[in-house]
Amino acid sequence: MNEAMFSQIAMLVFLTGLIVWMGVIVWDLAKKSKDGQVGTIGLMTVLGAGVVGFIVKTVLVEIMQI
């Protein structure tokens, strides 16, 4: 395994962990603020849009390189 392959695998693993951790933080924020169901959905939607944008950008870059 060379350095480039290790870096790509490590970024994928740690980035996935970071995204999951951000989801846990948003969930905890919704619980502590007692937002209710609509507020929790709103928080997940708005704060999750950045994650979705990052994933879409990554997929598009990979498609364009092919």
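Let me begin by describing the structure that accompanies this report. Everything quoted here is computed from the prediction, not taken from an experiment. (Residues numbered from 1 in each chain as written. Predicted model: local features only at pLDDT ≥ 70, side-chain atom pairs only at ≥ 80, totals over all residues. Heavy atoms only, no water.)

### Notes on the overall build of the chain
And step 1. Along its length, the chain carries 2 helices and 0 strands.
And step 2. Rg of the C-alpha trace for the chain: 16 Å, well past the compact-globule value of 11 Å for 66 residues, more than 25% over.
And step 3. Along the first, second and third principal axes, the C-alpha atoms of the chain reach 50 × 25 × 10 Å.
And step 4. Counting the 66 residues in the chain, one finds 9% classified as buried.
And step 5. For the chain, the exposed surface amounts to about 5,600 Å²; the carbon and sulfur share of it is 76%. (Helix = DSSP H or I, 4+ residues; strand = E, 2+ residues; numbered from the N terminus. Rg over C-alpha atoms; globule rule 2.2 N^0.38 Å. Buried < 20%, exposed > 50% of the residue type's maximum accessible area, 1.4 Å probe, protein only. Areas by Shrake-Rupley, 256 points an atom, 1.4 Å probe, with all protein chains shown as cover.)

### Considering the side chain of Thr40
And step 1. Inspection of the secondary structure assignment puts Thr40 in helix H2 (residues 36–65).
And step 2. Residue classification places Thr40 among the buried positions, given a relative accessible area of 16%.
And step 3. Apart from residues no more than four positions distant in its own chain, Thr40 is found in contact with Trp27, Ala30 and Asp35. (Contact = heavy atoms within 4.5 Å.)

### Some remarks on the pattern of salt bridges
And step 1. Counting across every chain of the model gives 1 salt bridge.
And step 2. In this structure, the salt-bridge partner of Asp28 is Lys32, at a minimum N-O distance of 3.3 Å. Of this pair, Asp28 and Lys32 both sit in helix H1 (residues 3–32), 4 residues apart, roughly one helical turn. (Salt bridge = Lys/Arg side-chain N within 4 Å of Asp/Glu carboxyl O.)

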